[in-house]
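# Examining the three-dimensional arrangement
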Amino acid sequence: MSKILVAYSTNSGSTAAVAQAITDELTLAGHNAEVLPLAKVADLDAYDSVILGAPMIFGWHNEARRFLRQHRRELVAKKVALFACAMRLTVLPGEALPEFPIEIDPNLASEPQTAGKLNFKERFTALGHYLQAMLKAAPDVKPVSVAFFKGCLDMRKLKWWQAAFVMLVVQATPGDYRDMEFVRVWARKLRILI
């Protein structure tokens with residue numbers, strides 16, 4: 001079985017729990033999987049595959065984008081999967097998407113309020129906008145799969161400007177909306193891809 005790194009950045013700790021659930025599922029399948037925060041990843045040479053996850057805060061978390069840019073040469077030679085935790089995701093019917101599997105928590109996805117027209121909040125939370133933020137950091141890294149999970153929002157753990165953005169633009173309701181079974185199902189699908 002392959003050696004897999006599940007690396008993550010987190011804003012308030014909830015993405016760490018998602019990364020751990022993925023690692024646990026891969027370990028149950030017989031893979032040698034290790035979970036680490038991005039700040040503790042020193043070397044990628046020991047891993048056959050890398051799963052990278054982060055929350056959506058003004059796009060995909062800056063630490064994850066920076067990691068992809070810095071390690072793109074190493075990651076091109078590995079199997080890579082990406083995931084994001086978000087509070088809102090707008091899916092446009094018929095939207096052209098990249099040709100790799102995209103898994104979306106059905107409790108996260110919603111269509112625009114007005115068909116064919118996006119308001120400001122919907123443009124910012126559109127699937128294409130989110131994917132662009134993830135893939136633009138290292139366009140030569142081709143993921144085997146990308147997943148979007150509904151996240152957890154604790155306003156007390158956000159910086160003031162993040163809380164203001166969440167209240168005014170995203171308009172998300174605080175609470176823990178993570179569907180850990182959906183996370184585990186995605187991890188089980190990865191067993192075949194990675």
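Structural data are supplied above this passage.
### Details of the overall build of the protein
The helix and strand tally for the protein stands at seven helices and ten strands. With respect to the principal axes defined by its C-alpha atoms, the protein has extents near 45 × 35 × 30 Å. A buried classification covers 49% of the 194 residues belonging to the protein. Expressed as a percentage of contacts within the protein between residues at least 6 apart in sequence, the contacts between residues at least 24 apart total 77%. Accessible surface, the protein as shown: approximately 9500 Å² in total, 54% of it carbon and sulfur. Charged side chains in the protein number 24 positive and 19 negative. The centres of these two groups are separated by 6 Å.

### Observations concerning the packing of aromatic side chains
Using the criterion set out here, one finds five aromatic pairs in the structure. Their ring planes at 20° and their centres at 6.3 Å tell us that Tyr130 and Phe148 sit as a pair that is stacked. One end of the pair, Tyr130, is in helix H5 (residues 127-135); the other, Phe148, is in strand S8 (residues 145-150), and 18 residues separate them in sequence. Each of the two residues, Tyr130 as well as Phe148, counts as buried. Ring plane angle 70° and centroid distance 5.6 Å describe the contact between Phe149 and Trp186, whose orientation is recorded as edge-to-face. Of this pair, Phe149 sits in strand S8 while Trp186 sits in helix H7 (residues 180-193), placing them 37 residues apart in sequence. For Phe149, a relative accessible area of 2% puts it in the buried group.

### A closer look at the pairing of strand S2 (residues 32-37)
Alignment of strand S1 (residues 3-8) against S2, held across six bridges, turns out to be parallel. Counterpart to Leu5 in the pairing with S2 is Glu34. Read as a crossover between parallel neighbours, the route from S1 over helix H1 (residues 14-28) to S2 is right-handed.

### Observations regarding the pattern of salt bridges
Side chains that differ in sign of charge can pair as their charged atoms come close. All chains considered together, the criterion is met by five salt bridges. Here Glu103 and Lys189 are joined by a salt bridge, their closest N and O atoms 3.1 Å apart. Residue Glu103 is located in strand S6 (residues 102-104), and its partner Lys189 is located in helix H7; the two are separated by 86 residues in the primary sequence. For Glu103, a relative accessible area of 19% corresponds to the buried category. Lys189 sits in the partly exposed class, given a relative accessible area of 38%. For the salt bridge of Glu181 with Arg184, the shortest nitrogen-to-oxygen distance reads 3.3 Å.

### Describing a positive patch on the surface
There is a patch of like positive charges on the surface, built from Arg66, Arg69, Arg72 and Arg73. Sorting the residues of the positive patch by element identifies helix H2 (62-70) and helix H3 (72-76) as the ones contributing at least two each. Along the chain, Arg73 falls in helix H3.

### Here we look at the packing of H1 against H7
Running from N to C, H1 and H7 point in directions that differ by 45°, and their axes come no closer than 9 Å. Accordingly, the angle class assigned to the pair H1 and H7 is oblique. Between H1 and H7 lies a crossing whose hand is right-handed. Listed contacts from H7 to Ala17, Val18, Ala21, Ile22, Glu25 and Leu26 of H1 are Met180, Val183, Arg184, Trp186, Ala187, Arg188, Leu190 and Arg191. Taken together, the residues that form the contact of H1 with H7 break down as ten nonpolar, no polar and four charged.

Calculation criteria
- Residues numbered from 1 in each chain as written.
- Predicted model: local features only at pLDDT ≥ 70, side-chain atom pairs only at ≥ 80, totals over all residues.
- Heavy atoms only, no water.
- Helix = DSSP H or I, 4+ residues; strand = E, 2+ residues; numbered from the N terminus.
- Buried < 20%, exposed > 50% of the residue type's maximum accessible area, 1.4 Å probe, protein only.
- Contact = heavy atoms within 4.5 Å.
- Areas by Shrake-Rupley, 256 points an atom, 1.4 Å probe, with all protein chains shown as cover.
- Lys, Arg positive; Asp, Glu negative; His and termini not counted.
- Charge placed at Lys NZ, Arg CZ, Asp CG, Glu CD.
- Phe/Tyr/Trp six-rings, centres within 6.5 Å; stacked < 30°, edge-to-face > 60°.
- Pairing = 2+ DSSP bridges.
- Right-handed = clockwise from strand over helix to strand, strands pointing away.
- Salt bridge = Lys/Arg side-chain N within 4 Å of Asp/Glu carboxyl O.
- Patch = residues over 30% accessible without salt bridge, like charges linked within 9 Å, V, L, I, M, F, W, Y side chains within 5 Å.
- Axes fitted to C-alpha atoms, helices over the stretch in contact; angles between N-to-C directions.
- Parallel < 35°, antiparallel > 145°, perpendicular 65-115°, else oblique.
- Left-handed = near helix turned anticlockwise from the far one by under 90°.
- Nonpolar A, V, L, I, M, F, W, Y, C, P; charged D, E, K, R; others polar.

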